[in-house]
Amino acid sequence: MIVGHALCFKKKNHNYMSHKYMPHSEKDIKEMLEAIGVESIDSLYKDVPEEVIYKEEYNIPSGMSEIELRRHFEELAGKNKPLVVFAGVGAYDHYSPSVVSHLLSRSEFYTAYTPYQPEISQGTLQYIFEYQSMISELTGLETTNASMYDGATAAAEAMFMLVASSKKRNRVLISSTVLDNVRKVVETYTRVHGIELTEIAEKDGVTDLEVLYAELEKGDVAGVLLPVPNKYGIIEDYTGVADRIHDAKGYMAMYADPSALAVLKTPAEWGADVACGDGQTLGMPLTFGGPYLGFISCSKGMLRKMPGRIVGATKDADGKRAFVLTLQAREQHIRREKATSNICSNQSLMALYATIYLSLLGAKGLREVNELASDGAHYLCDKLLNSGKFKLVYNKPFLKEFVVSTELDMEKINKKLLEKGIMGGILLGDGKVEFAVTEKRTKEEIDTLANLILEN
């Protein structure tokens, strides 16, 4: 890797030290090449096609002083235009108290690595334990992990759990009302692992349960993944679904918005065996798509099939409360070839983000977040429908997100909204638009959005 780094700054004249920030001398490079039995860097990369090697000068700027560098980044930051966001579809503009980022930036948290050594990692282990407890309370399931990358990869890992738990069954069902990006990631994971994935069609914006039940009758389904809420913002009714899945000897997983679970029926209440999703809705900023936080919760019976870190509470030699990584035989650092997953990057910084956020808001605050979002979403929906220029596509219950249709040129309107500092709804095609409203949106902002749209 270090030798390869030298090639990145390769010049026409082969003067590898021409870049003044290169940390290695000609002597260092020579010793490394000798150690691996290669004569030169050119020989090291002889298998790389000549046409893909960059031979021009690199446009690397000159060094800057601290004040120049700060000014440079301020200019770059100035190009970012903060927007009033009415888009959703899996990523939402929720508010986060300032204390969250303040505490998160403390060096003991910011630089913490995977807590393999409990003797020196009690702080990290404790907040992961608290995080697991809070997510378990939201999902209603007994156990929760940490260290999942995002919601999509958590969903893929949940699919592996269903197959591993079902024995000799290699087919999973996924509703087409699960977020599109999540379905695509799950499809990739299942395909390369040789798992058969069947997508269940939607009907009137919700999972077609008759199609689902017909697939279950084939007797080869390991499990099913269903959303709450779904990609259209609809709160689907899964009454009796878990019983049908379990009667067919399959398992039920749910892709859930953890924030919404404060006011909706939990996966456990629906009868699910596994819950997964993205913790971004727990106050994490949009920030161009990350970093986010995937989570998985499951029933106690599926605990050993769950990937990622699991922190347990115990007592030390003096009888004091202590925390440890538990059931580590499931993990790649113990049994790489037999691990439930090879996920190894530690996402606990984002788990800490969620922990602080949930600690500050509490159950009451999280309910209020959803109530404000719901009130705002229904207010905007009614305002658009009452104009006569929009129709509700799916007449189903929704929380903070909904889909309407119109004959207005929404692509053109969205461009005008951007000029006014507003990110409008997501265009779904065929005149359909999906709007999302969070607790951050004021009545004045909603009125401004609606007025700008309806003046066309």
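Below or above, wherever it landed, is the structure these notes cover. Each chain carries its own residue numbering, running from 1 in the written order of its sequence. Reporting of local features is limited, given that this is a predicted model, to residues whose pLDDT is at least 70; pairs of side-chain atoms are given and counted only at 80 or more, and all residues count toward the totals for whole chains, interfaces and linings. Side-chain metrics rest on all non-hydrogen atoms present in the structure, leaving aside hydrogens and water.

**Quick word on the sheet that holds strand S7 (residues 221-228)**
Picture the strands of a sheet paired through backbone hydrogen bonds; they go either parallel or antiparallel.
Next up, step 1: Taking strand neighbours across the sheet as the criterion, the seven strands line up as S2-S10-S9-S8-S7-S3-S4 in an open arrangement whose pairing is mixed. Lying at the two open borders of the sheet, with one neighbouring strand each, are strand S2 (143-144) and strand S4 (196-200).
Next up, step 2: Against the sheet, helix H7 (residues 122-139) makes contact with S2, strand S9 (274-278) and strand S10 (294-298), and its axis sits at roughly 65° relative to S10, the strand it touches most. Should DSSP find at least two bridges between two strands, the strands are taken to pair. A run of H or I in DSSP becomes a helix once it reaches four residues, and a run of E becomes a strand once it reaches two; helices and strands are each numbered from the N terminus. The contact definition used throughout considers only heavy atoms, calling two residues in contact when any of these lie within 4.5 Å. Axis definition: a line fitted to C-alpha atoms, over the contacting stretch in the case of helices. Angles run 0 to 180 degrees between N-to-C directions.

**Details of the nonpolar core**
Next up, step 1: The nonpolar core is taken to be a set of buried Ala, Val, Leu, Ile, Met, Phe, Trp, Tyr and Cys residues, with the residues joined through side-chain atoms within 4.5 Å. Exposure classes here rest on a 1.4 Å probe applied to the protein chains alone. A residue is buried below 20% of its type maximum, exposed above 50%, and partly exposed in between. Tyr131, Leu212, Leu216, Val224 and Met252 are the most contacted members of the largest nonpolar core, which totals 50 residues.
Next up, step 2: Looking at this core, the elements with two or more residues in it are helix H5 (98-104), H7, helix H10 (209-216), S7, helix H11 (241-247), strand S8 (251-256), strand S12 (321-325) and helix H13 (348-386).
Next up, step 3: If you tally residues by element for this core, the top one is H13, at ten residues.
Next up, step 4: With residues near it in sequence (within four places) discarded, Met252 still touches Val224, Leu226, Ala242, Ile245, His246, Trp270, Ala272, Asp273 and Val274.
Next up, step 5: Listed in part, the 31 residues of the second largest apolar core include Met161, Ile195, Cys298 and Leu303.

**Points about the side chain of Asp208**
Next up, step 1: Along the chain, Asp208 turns up in the loop between strand S6 (206-207) and H10.
Next up, step 2: The convention is simple: Lys and Arg are positive, Asp and Glu are negative, and His and the chain ends are not counted. Here a salt bridge means any side-chain nitrogen of Lys or Arg lying within 4 Å of a carboxyl oxygen belonging to Asp or Glu. There is no salt bridge for the buried Asp208, and the closest opposite charge comes from Lys203, which lies 5.1 Å off by N-O distance.
Next up, step 3: Among residues more than four places away in sequence, those in contact with Asp208 are Ile200, Ala201, Glu202 and Lys203.

**Some thoughts on the packing of aromatic side chains**
Next up, step 1: Put simply, two rings from Phe, Tyr or Trp (the six-membered ring, in Trp's case) pair if the centres are within 6.5 Å, and we call them stacked under 30 degrees between planes, edge-to-face over 60, tilted for the rest. Within the structure shown, the criterion is met by eight aromatic pairs.
Next up, step 2: Here Tyr232 and Tyr394 contribute two aromatic rings whose centre-to-centre distance is 4.8 Å and whose plane-to-plane angle is 40°, an arrangement assigned as tilted. Separated by 162 residues along the polypeptide, Tyr232 in the loop between S7 and H11 and Tyr394 in the loop between strand S13 (390-392) and strand S14 (401-406) bring together distant segments of the chain. Residues Tyr232 and Tyr394 agree in their burial class; the two are buried.
Next up, step 3: Taken together through their ring pairs, the aromatic side chains of Phe398, Phe402 and Phe435 make up a single cluster.
Next up, step 4: When the ring centre of Trp270 is taken as origin, the NZ or CZ atom of Lys265, which lies over that ring, is 4.2 Å away.
Next up, step 5: We call a charge positioned over a ring when the NZ of a Lys or the CZ of an Arg lies within 6 Å of the ring centre and within 35 degrees of the ring normal. We note Lys400 situated over the ring of Tyr92; from NZ or CZ to the ring centre the distance is 4.3 Å.

**Here we look at the pattern of salt bridges**
Next up, step 1: Taken as a whole and assessed by the stated rule, the structure comprises 18 salt bridges.
Next up, step 2: The residue Asp257 makes a salt bridge to Lys400 at a minimum N-O spacing of 2.9 Å. Separated by 143 residues along the polypeptide, Asp257 in the loop between S8 and helix H12 (267-270) and Lys400 in the loop between S13 and S14 bring together distant segments of the chain. Each of the two residues, Asp257 as well as Lys400, counts as buried.
Next up, step 3: Connected via shared salt-bridge partners are Asp180, Arg183, Glu199, Glu202 and Lys231.

**A few points about a nonpolar patch on the surface**
Next up, step 1: Within the patch definition used here, like charges are joined within 9 Å and nonpolar side chains (Val, Leu, Ile, Met, Phe, Trp, Tyr) within 5 Å, considering only residues with over 30% relative accessible area and no salt bridge. Shrake-Rupley sampling with a 1.4 Å probe provides the accessible areas, and residues are treated as covered by the protein chains on show and by no other component. On the surface, Met64, Leu69, Phe73 and Leu76 cluster together into a nonpolar patch covering about 360 Å² of accessible area.
Next up, step 2: What makes Met64 partly exposed here is its relative accessible area of 41%.

**What to know about helix H8 (residues 151-166)**
Next up, step 1: An ideal rise of 1.5 Å per residue puts 22 Å on 16 residues; H8 measures up with 23 Å between its terminal C-alpha atoms.
Next up, step 2: Burial of H8 is extensive: 15 of the 16 residues sit out of reach of the surface.
Next up, step 3: Definition of a polar contact: a pair of N or O atoms within 3.5 Å, with one able to donate and the other able to accept a hydrogen when the atoms are protein atoms, and with sequence-neighbouring residues admitted only if both atoms are side-chain atoms. Measuring from the backbone nitrogen of Ala152 back to the side-chain oxygen at the start of H8 gives 3.4 Å, which picks out Asp150 as the cap.
Next up, step 4: Looking one or two places after H8, you find Lys167, whose phi comes out positive at around 65°. Multiplying one less than the number of residues by 1.5 Å gives the expected span of a helix.

**Quick notes on the sheet that holds S14**
Next up, step 1: Taken together, four strands build an open sheet; the order of strands is S13-S14-S17-S16 and the sheet is antiparallel. Each edge of the open sheet is held by one strand with a lone partner, namely S13 and strand S16 (426-429). Looking at each pair of strands side by side, their axes are set apart by 35° on average, direction ignored.
Next up, step 2: Note that S14 and strand S17 (residues 432-436) share five bridges and pair antiparallel. Each bridged residue has a counterpart across the sheet, and for Ser405 the counterpart in S17 is Lys432.
Next up, step 3: Its contacts with the sheet place H13 against S13, S14 and S17, and it is angled at close to 10° to S14.

**What about the packing of H13 against helix H15 (residues 443-454)?**
Next up, step 1: At their nearest, the axes of H13 and H15 sit 10 Å apart, and the two run at 25° to each other. Relative to H15, the element H13 is oriented roughly parallel. Where H13 crosses over H15, the handedness of that crossing is right-handed. Where H13 abuts H15, its residues Gly376, Tyr379, Leu380, Lys383 and Leu384 lie against Lys443, Ile446, Asp447, Leu449, Ala450, Asn451 and Leu454.
Next up, step 2: Counted by class, the contact of H13 with H15 contains seven nonpolar, two polar and three charged residues. Angular relationships are summarised with four words: roughly parallel below 35 degrees, roughly antiparallel beyond 145, roughly perpendicular across 65 to 115, and oblique for the angles in between. It is the rotation of the near helix from the far one that decides the hand of a crossing: anticlockwise by less than a right angle makes it left-handed, clockwise makes it right-handed. Here the term charged refers only to Asp, Glu, Lys and Arg, the term nonpolar to Ala, Val, Leu, Ile, Met, Phe, Trp, Tyr, Cys and Pro, and the term polar to all other amino acids, Gly among them.

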